[in-house]
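Next come the chains, spelled out residue by residue.
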Amino acid sequence: MIQFSDVTTWIHQLLSSCMAPWLVFLIELVVAAVAAVVALLVCVIIMVYMERKVAGHMQLRHGPNRVGWHGLCQLFADIIKLLLKESFTPTRADKLLFTVAPVLSLCVSLLALAPISWGPGLVLWNTNIGVLFVTAISSMGVIGILMAGWSSNNKYALLGAMRSGAQIVSYELSAGLSIVTIVALAGTLNTGGIIESQANGWWVLKGHLPAIFAFIIYIIASTAECNRAPFDLAEAESELTAGYHTEYSGMQFGIFYLNEYINMGVVAMIASTLFLGGWQPFYLPFDFPLAHAFNDIMALKFMETWPAWISWVSLAWPLVWFFGKLFLIIFFMMWFRWTFPRLRIDQLLKLEWKYLLPLSIVNLVIVALFIVLGLHF
Amino acid sequence: MKALYNYLKEVAFAFVSLANGLLLTLKYFVTPWKSIITENYPDNRDHPSVADEFAGEVILIHDENNEHKCTACTLCQMACPNNSIQIISKQVETEDGKKKKVLDQWVYHLEMCTFCKQCIDACPQDAIKMINSYELSCFDRSTLTKVLNRPGSKLKEKAKVTPKVQE
């Protein structure tokens, strides 16, 4: 079976044979970063189309259906429109911060991609503090939002940014605690290590009820961290026009829009890494012959005897699972967005401080007991 | 203990009620051919589906004998909030020599009508109604002023009320 590490080592050796080590390092950095960003941008394109179709169908509409087949080219038309529009800066705005804010928030959300494991051996930065890094970086995103809101010199923008700050600071806690439950179960902070610990069943199945509970809490808290409905108080169209990006237009607005979807993608990647086994295929943790056969098929055991040129296909198998889970969680988040009405600010804070936080602390204690007593699989 | 029970009950109930909503939208999502209510308007022009209750324009009801029920009482004209109805009546002499006011022209200014249905409510004879027509716009404003009573139409005779035979 060919692994991704074989491919990357081959590329590394090829480059090393004809270049200086520092140049190889530089080229590999750029190629890896561009590959990750392009993969994410393709995901974002699919997500935007998906969002509009899901929204349409859940609200008994068609969604985009005029530009191209079933509206497939609608997004490209929108991007061209945004690129052609002027990026207007208000006269009284703080010009430097106003220009920096979208770029900063984009950088922060792209940084969170670094420790994500896309496939076996396919990781930009294989660090043993991967999950910690992602949680640290994702709470930096609020700085870009605050900067945008404050520098636009607009009351709506400022209010939206402040709400966003309060919201992200609150929901970081329960998101972090539900991440900690899985980190405790897996015993590592390395994303690749967490995924490998799920080779004999995903944590959401192996960890009994507390893991499922942590999964639900994580989905709720991460939706809030992405500032998406039903927690979109930072935008709150009906109250604050567009919240923190009220004054932005053209591609600067486009970057904020892109940023929202990149954040969603990152959050979904973390959720699939922690709870749904990342790139691991589905595994039944039972001791029946049928379950064994199923697991062998899922792990592509039958391909081992095949000629090498066909087994190249098996390289795509972990990616199929990774992106499949990614889009499953993104679909969940879209499903919530187009079903639930928006919360008021007091309801939002009540949900976090009176329900999610105490419940996730109790949940963490129960998981700790499970680990001590060895009750999990 | 009671408080803890109530707290957990609240959480469980919240999940149940949220799940109800989620199932409904999921049903809409997976069966779009059944649930979508948007009309693909210019595409389905040859087979439109417009609700009967849709208020398009006012018509004066004529029966097969080209008779209508309008007595030219002008109640609709008075009910109209923006003067889009003009009732022009004339005096005619009936066979038995009496002078009677009858409808000459029922002028309807569609360009001013807001489709509020107050004329329909005001009419004591149920002589007018609104039909579900659409695509009412045109290039020449004057074509929107319509005379609703057809040429040669006349007032429908009231069914003879048989006088109660005194016994």
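It should be emphasised that the depicted structure is a prediction, and the values quoted were computed from it without experimental measurement.

A. Just the overall build of chain A, in detail. Each helix and strand in chain A was counted, giving 16 helices and two strands. Since a compact globule built from 377 residues should have a radius of gyration of about 21 Å, the 22 Å found for chain A is in line with a globular shape. Along the longest, intermediate and shortest principal axes, the C-alpha atoms of chain A span 65 × 55 × 45 Å. Evaluated residue by residue, chain A yields a buried proportion of 40% over its 377 residues. Taking all contacts inside chain A whose residues are at least 6 apart in sequence as the whole, residues at least 24 apart take part in 78%.

B. Representation of the overall build of chain B in the model. Across its full length, chain B holds four helices and seven strands. For chain B, the α and β elements follow one another from N to C terminus as α-α-β-β-α-β-β-α-β-β-β. In terms of overall dimensions, chain B is more spread out than a globule: its C-alpha atoms have a radius of gyration of 27 Å, far above the 15 Å expected for 167 residues. Dimensions of chain B along its principal axes, counting C-alpha atoms only, are 95 × 60 × 30 Å. When burial is assessed residue by residue, chain B has 13% of its 167 residues classed as buried. Taking as baseline every contact in chain B between residues at least 6 positions apart, the subset at least 24 positions apart corresponds to 73%.

C. Looking closely at the domain arrangement of chain B. Looking at chain B, the domain boundaries give domain 1 (2-34) and domain 2 (57-155). Here the C-alpha centroids of domain 1 of chain B and domain 2 of chain B sit 54 Å apart.

D. Quick peek at the packing of helix 6 (residues 141-151) of chain A against helix 7 (residues 155-186) of chain A. Residues and elements named next belong to chain A. The contact between helix 6 and helix 7 brings their axes to 7 Å, and the two run at 160°. Between helix 6 and helix 7, the angle falls in the class roughly antiparallel. Considering only the axes of helix 6 and helix 7, their crossing is left-handed. Together, V142, I145, L146, A148, G149 and W150 of helix 6 and A157, L158, G160, A161, S164, G165 and I168 of helix 7 make up the contact between the two elements. Taken together, the residues of the contact of helix 6 with helix 7 sort by class into nine nonpolar, four polar and no charged.

E. Fine view of the environment of V362 of chain A. Residues and elements named next belong to chain A. Within the secondary structure layout, V362 lies in helix 16 (residues 345-373). By C-beta crowding, V362 is classed as exposed, having 12 other C-beta atoms within 10 Å. Expressed as a C-alpha distance, the spacing of V362 and H292, which sit 70 residues apart in the sequence, is 35 Å.

F. Representation of the interface of chain A and chain B in the model. In this assembly, 11 residues from chain A lie in contact with 12 residues from chain B. By residue number, the principal contributor to the side of chain A that touches chain B is helix 2 (residues 21-58) of chain A, which donates three residues.

G. Local environment of the nonpolar core. If you look at the biggest cluster of nonpolar residues, it comprises 85 residues, and the most contacted ones within it are I182, Y218, A271 and F275 of chain A. The leading source of residues in this core is helix 12 (residues 250-274) of chain A, at 13 residues. Those residues in contact with A271 of chain A that lie beyond four places of it in its chain are Y218, I219, S222, L276 and I329 of chain A. Core analysis: the second largest hydrophobic core is formed by 15 residues, V58, A72, L103 and Y108 of chain B among them.

H. Quick peek at the pairing of strand 1 (residues 57-60) of chain B. Residues and elements named next belong to chain B. Along strand 1, the buried face is formed by V58 and L60; none of E57 and I59, which line the opposite face, is buried. In terms of strand pairing, strand 1 meets strand 5 (residues 128-131) through four bridges, oriented antiparallel. Its bridge partner lying in strand 5, L60 is registered against I128.

I. Layout of helix 12 of chain A. With 25 residues, helix 12 of chain A should reach 36 Å at 1.5 Å per residue; the first-to-last C-alpha distance of 37 Å fits that figure. Of all 25 residues in helix 12 of chain A, 20 are buried; the element is thus mostly enclosed.

J. The arrangement of the sheet that holds strand 4 (residues 99-109) of chain B in detail. All names here are of chain B. Sheet architecture is open: three strands sit in the order 3-4-6, paired in antiparallel fashion. Strands at the two margins of the open sheet, each flanked by one partner only, are strand 3 (85-93) and strand 6 (145-147). When strand polarity is set aside, the average angle formed by the axes of neighbouring strands in this sheet is 30°. With three bridges joining them, strand 4 and strand 6 adopt antiparallel strand pairing. Across the sheet, residue V107 finds its bridge partner in strand 6, namely V147.

K. Structural context of the confidence of the model for chain B. Looking at chain B, pLDDT values average 84 and 95% of them are 70 or higher. Reported confidence for the predicted complex is 0.74 by ipTM and 0.80 by pTM.

L. Representation of the environment of A33 of chain A within the structure. All names here are of chain A. Inspection of the secondary structure assignment puts A33 in helix 2. The class of A33 is partly exposed, set by 14 C-beta atoms lying within 10 Å. Residues A33 and A268, spaced 235 residues apart in sequence, show a C-alpha to C-alpha distance of 19 Å.

The rules behind each value
Residues numbered from 1 in each chain as written. Chains lettered and ligands numbered in written order. Predicted model: local features only at pLDDT ≥ 70, side-chain atom pairs only at ≥ 80, totals over all residues. Helix = DSSP H or I, 4+ residues; strand = E, 2+ residues; numbered from the N terminus. Rg over C-alpha atoms; globule rule 2.2 N^0.38 Å. Buried ≥ 20, exposed ≤ 12 C-beta atoms within 10 Å, placed from the backbone. Contact = placed C-beta atoms within 7 Å. Domains from an automatic or database assignment. Axes fitted to C-alpha atoms, helices over the stretch in contact; angles between N-to-C directions. Parallel < 35°, antiparallel > 145°, perpendicular 65-115°, else oblique. Left-handed = near helix turned anticlockwise from the far one by under 90°. Nonpolar A, V, L, I, M, F, W, Y, C, P; charged D, E, K, R; others polar. Core = buried A, V, L, I, M, F, W, Y, C linked by C-beta atoms within 7 Å. Pairing = 2+ DSSP bridges. Expected span 1.5 Å × (residues − 1). pLDDT = per-residue confidence, 0-100.

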